[in-house]
Amino acid sequence: MRRTHYCGNVNTSNINEQVVLEGWVNRRRDLGGLIFIDLRDREGLVQVVVQPESPAYAQANRVRSEWVVRVTGIVRARPAEQVNAKIASGEVEVVAEGLEVLAEARTPPFPIDAGWRGEQDQVVSEEIRMRHRVVDLRRRTLQRNLRLRHKVVAAIYRFLDQEGFISVETPFLTRSTPEGARDFLVPSRLQPGQFYALPQSPQLFKQMLMVAGFDRYFQIARCFRDEDLRADRQPDFTQLDLEMSFVEQDDILELNERLAAYVFKETLGLELPIPFPRMSYAQAMNCYGSDKPDLRFGLELADVSELFRGGEFRAFADAEVVKALVAPALLSRREIEELEAIAKGKGAAGLAWSRYEGGAFSGGIARFIPEGLKERVRLEEGQTVLFVAGPWRKSVESLGAVRLELGKRLGLIGEGFRFLWVVDFPLLEWDEEGGRWTYMHHPFTSPNLEDLELLERDPGRVRAYAYDLVMNGAEVGGGSIRIHRRELQERMFALLGIGPEEAQEKFGFLLEALSYGAPPHGGIAWGLDRWVANMAGEDSIREVIAFPKNKEGRDPLTEAPSPVSEAQLAELGIALRTPNG
RNA sequence: GGCCCGGUGGUGUAGUUGGUUAACAUACCCGCCUGUCACGUGGGAGAUCGCGGGUUCAAGUCCCGUCCGGGCCGCCA
């Protein structure tokens, strides 16, 4: 006889019913005569009581944590004073009539029961958790996170289906393209010496689907990038990838706002105010020192270049920019030193400072503070003003990093979810090492048509139809309007130093597609792992991925990557330069 | 590639200025216990302190190297 209910769903409506439950022993309490078993499945716990005279008693006596059992019994209301308010089924219990052990279990390597009764799970090192991921996945937090992820994906499908989007799968085994991140390569057996690459994103395929007339495409797509890992980066990760034809930038932003709001409403029950704020890249960088500003707190940077220009403080007098940030506290020398280390890490020459105390500046560069600075940065009693001077980008980014650190240290970061669009990214940026222009988003991004005349004359000033979606200071999405005319795409390649032959060799299939009549189109990709991690309140995307890799790119569970046999290599025509290493 | 933090019974921690038998909680095993719900209670087992070397009369503790894990920078169209 199979189960009749999920353990966690048994409640007062089942009183006096005979139920069959199957699940894991979350905890067993042996009172010497009576035995209580908290039986668990994915829906939660229910208390099973086994009386000494019950036929279930003998088995209940030997059962241990995490054994898998089947219990037959009658649901009974608990006396009022014995109700357990911490669990959903706490008003009832199941009086066991039979108990069958379906599987015994080794003692788990770390406790997994606490979360299921509404308490905090013990913190266990990630190393141990990953090695025993199956056990870890039994814990309530991961169960909850993965179910949230499922609900997000299901909501995305519902919404986009309603909006006329068509889900299309694109290949995993595809062609290596030279740009972007490092490719994962897959050797071809049938074409020895040649390689597939795993896709860094379905970018070119979705553009070709637009040319093919699908009009609206989406895919929950696995993507692969062979770069170093972080808390928010895995070598294989998931994008919500979508693309639309005959649209302009605002159409895409508007649709994605509604999608985000729908997802939040359907999964967390939260109403997101839309439209989201929009901020130009220039404004984001100037005010927050980041192209993904965290708007959960203020602390905007101020430009004070003019106040210092030509002044007696030589280091600031002829700097390209001088940026200031007011910390709403009197910072100690030690704190300032730590902040300076952060600024220097981002390329600042130093972090100048002065405290405003007792109506006067003191410490740091107090004697160089120019007239009008206090008013300019709205400095108040008991605050510290911090400065970085130098080239624009390094200055704003380093002070932006200081801003983030201050937000954390001073506890300024508020609750909730703050979204914004960052728009008007530059199309190109100067690559110091390569001594050439390179794209900021990708080489298929359309220039802002208003800036088209600047393309060859002053490339650095050309804005792109590119946009990032930022959530609580994390980049959770990015996209663009694409180039849909072959001539412009070729012009773009030329600007990037990709000659006609190279363009033909590497992107010929795209150019050919564009030559057959491409609709204006654009789209976006959401970093789904980051979205869900943020929604779940997790700092690492590993907490929303069932089987993640560690920081070295290894899977501690399967111990991938692993050596392969000589025979496998031979079949692929591959010889290792350093055997086993 | 660089910087930083960590590694002590199964798990999570403590371990002072280098000094006796490495402590605590929990888990585990055995006994007692009929209303517990992190049951209680009595007992027991369990750690070459990541590994290697060095300093020292003496190293979990100090030094060097190394391995493993985590955070960040670089990198991530």
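Numbering of residues starts from 1 in each chain and follows the order in which that chain's sequence is written. For this description, chains carry letters from A and ligands carry numbers from 1, given in the order in which they are written. Local features in this predicted model are restricted to residues whose pLDDT is 70 or higher, and side-chain atom pairs enter the listing and the counts only when it is 80 or higher, whereas totals over whole chains, interfaces and linings include all residues. The side-chain numbers reported here are obtained from all heavy atoms of the structure, hydrogens and water having been left aside.

## Comments concerning the pattern of salt bridges
Here is the rule we go by: Any Lys or Arg side-chain nitrogen located within 4 Å of an Asp or Glu carboxyl oxygen qualifies as a salt bridge. Helix numbering and strand numbering both begin at the N terminus, where a helix is a DSSP run of H or I of at least 4 residues and a strand a DSSP run of E of at least 2.
Throughout the structure, instances matching the rule amount to 52 salt bridges. Its salt-bridge partner being Glu 93, residue Arg 76 comes within 3.0 Å of it at the nearest N-O pair. Within this pair, whereas Arg 76 is found in strand β4 (residues 68-77), its partner Glu 93 is found in strand β5 (residues 92-103), the two being separated by 17 residues in sequence. Linking Glu 397 and Arg 393 is a salt bridge whose minimum nitrogen-to-oxygen distance equals 3.2 Å.

## Side note on the UniProt feature "binding site: ATP" (unreviewed entry) in chain A
Applicable threshold: UniProt positions are given in the numbering used here, feature names are shortened, and annotations may be inferred rather than shown by experiment. Throughout, a contact is declared for two residues whenever any of their heavy atoms are within 4.5 Å.
If you check UniProt for "binding site: ATP" (unreviewed entry), the listed places come out as Arg 225, Asp 226, Glu 227, Gln 234, Glu 475, Gly 527, Leu 528, Asp 529 and Arg 530 in our numbering. When sequence neighbours within four positions are dropped, the list of residues in contact with Gly 527 reads Thr 238, Val 476 and Gly 477. Setting aside its immediate chain neighbours within four residues, Leu 528 contacts Arg 149, Val 152, Val 153, Ile 156, Ile 220, Thr 238, Gln 239 and Leu 240.

## Describing the protein's contact with RNA strand B
Put simply, the rule is: One heavy atom within 4 Å of a molecule or strand is enough for the residue carrying it to be called near that molecule or strand. Residues adjacent in sequence count toward polar contacts only when both atoms are side-chain atoms; beyond that, a polar contact is any pair of N or O atoms within 3.5 Å, and within protein one must be able to donate a hydrogen and the other to accept it. Residues are grouped as follows: Ala, Val, Leu, Ile, Met, Phe, Trp, Tyr, Cys and Pro are nonpolar; Asp, Glu, Lys and Arg are charged; every other residue, Gly included, is polar.
In the vicinity of RNA strand B lie 50 residues, with Arg 27, Asp 30, Gln 122, Tyr 439 and His 441 positioned nearest. When atoms of RNA strand B within 4 Å of the protein are split into backbone and base, the sugar-phosphate part holds 56%. Gly 33 has a polar backbone atom sitting 3.4 Å from a phosphate oxygen of RNA strand B. The contact in question runs from a base nitrogen of RNA strand B to an N or O atom on the side chain of Arg 230, over 2.8 Å. When residues of the surface near RNA strand B are traced back to their parent elements, those giving at least two are β1 (18-30) and α2 (126-131). Of the residues assigned to the surface near RNA strand B, the class counts are 14 nonpolar, 16 polar and 20 charged.

## Regarding helix α5 (residues 203-211)
We count it as follows: Three labels apply to residues, based on accessible area from a 1.4 Å probe with only protein chains included: buried if under 20% of the type maximum, exposed if over 50%, partly exposed otherwise in between.
Taken across its nine residues, α5 has seven buried, putting it largely inside the fold. Here the buried face of α5 lies against β9 (216-224), β10 (236-245), α15 (500-515) and β22 (521-527). Positive backbone phi, approximately 95°, marks Gly 213, located one or two places after α5.

## Observations concerning the sheet that holds strand β16 (residues 383-390)
To keep things clear, this is the line we draw: In this description, strands pair whenever DSSP reports at least two bridges between them.
With antiparallel pairing, the five strands of this open sheet are ordered in space as β12-β13-β16-β14-β15. Across the chains shown, the open sheet's two edge strands, defined by having one partner strand only, are β12 (302-303) and β15 (360-362). Where strand β14 (residues 352-357) and β16 come together, five bridges link them in antiparallel fashion. From the neighbouring strand, Arg 355 faces β16, where its bridge partner is Thr 384.

## A few points about a nonpolar patch on the surface
Applied cut-off: Patch membership requires more than 30% relative accessible area and the absence of a salt bridge. Residues of like charge join within 9 Å; the nonpolar side chains Val, Leu, Ile, Met, Phe, Trp and Tyr join within 5 Å. Note that accessible areas follow from Shrake-Rupley with a 1.4 Å probe, and for residues the cover is restricted to the protein chains shown.
Where nonpolar side chains cluster on the molecular surface, the patch consists of Val 134, Phe 547 and Leu 557 and spans about 260 Å² of accessible area. Tracing the backbone shows Phe 547 in the loop between α16 (528-536) and α17 (566-572).

## Remarks on the side chain of Asp 241
For Asp 241, the location among the structural elements is in strand β10. Judged by its relative accessible area of 1%, Asp 241 falls in the buried class. One polar contact links Asp 241 to Tyr 217, side chain to side chain, over a distance of 2.9 Å.

## Here's the deal with the side chain of Asp 121
Keep this limit in mind: Only four residue types enter the tally: Lys and Arg on the positive side, Asp and Glu on the negative side, with His and both chain ends excluded.
You can see Asp 121 is positioned in the loop between β5 and α2. Among buried charged residues, Asp 121 stands out as having no salt bridge; its nearest opposite-charge side chain is Arg 139, 4.2 Å away. For Asp 121, the side chain forms a polar contact with the main-chain nitrogen of Gly 115, separated by 3.1 Å. For Asp 121, the residues in contact, after removing those within four places along its chain, are Ile 112, Ala 114, Gly 115, Arg 139, Arg 140 and Thr 141.

## A short note on the UniProt feature "binding site: L-aspartate" (unreviewed entry) in chain A
Per the UniProt record, "binding site: L-aspartate" (unreviewed entry) is annotated on Glu 179, Arg 225, His 441 and Arg 482. Along the chain, the position of Glu 179 falls in the loop between β6 (166-167) and β7 (185-187). Not counting the four nearest positions on each side in its chain, Glu 179 is found in contact with Gln 200, Tyr 439, Ile 498 and Phe 507. Of note, Arg 225 is situated in the loop between β9 and β10.

## Description of the pairing of strand β19 (residues 436-439)
Inspection of the sheet shows strand β18 (residues 428-431) paired to β19 by four bridges, in the antiparallel sense. Note that in β19 the partner of Asp 431 across the bridge is Arg 436. From the end of β18 to the start of β19, which pair antiparallel, there are four residues, and Gly 435 there has a positive phi angle of about 65°.

## Let's talk about the nonpolar core
What counts is decided by this rule: We define the nonpolar core as a collection of buried residues of types Ala, Val, Leu, Ile, Met, Phe, Trp, Tyr and Cys that are connected through side-chain atoms lying within 4.5 Å of one another. Each domain's extent is set by a domain assignment, obtained either automatically or from a database.
Ranked by internal contacts, the top residues of the largest apolar core, which has 55 residues, are Leu 331, Leu 351, Leu 386, Leu 399, Val 402 and Leu 406. In terms of residues, this core owes the most to one element, α15, which gives six residues. Each of domain 2 (146-278 + 420-544) and domain 3 (297-413) contributes no fewer than three residues to this core. Aside from chain neighbours lying at most four places away, what touches Leu 331 is Ile 336, Leu 339, Arg 355, Thr 384, Leu 386 and Leu 406.

## Overview of the packing of helix α4 (residues 140-162) against helix α6 (residues 249-267)
A packed helix pair is summarised by two numbers, namely the angle formed by the two axes and the spacing between the axes. Counted only if it meets this: What counts as an axis is a line fitted to C-alpha atoms, over the stretch in contact for a helix, and the angles between N-to-C directions run from 0 to 180 degrees. Any angle from 65 to 115 degrees is called roughly perpendicular, while one under 35 is roughly parallel, one over 145 is roughly antiparallel, and all others are oblique. Should the near helix be turned anticlockwise from the far one by less than a right angle, the crossing is left-handed, and should it be turned clockwise, the crossing is right-handed.
Interaxial distance between α4 and α6 falls to 9 Å at its minimum, and their mutual angle equals 135°. By the angle between their directions, the pair α4 and α6 is classed as oblique. Remark: the crossing between α4 and α6 carries right-handed chirality. Only Leu 255, Arg 258, Leu 259, Tyr 262, Val 263, Glu 266 and Thr 267 of α6 make contact with α4, whose side of the interface consists of Leu 148, Lys 151, Val 152, Ala 155, Ile 156, Arg 158, Phe 159, Leu 160 and Gln 162. Classifying every residue of the contact of α4 with α6 gives ten nonpolar, two polar and four charged.

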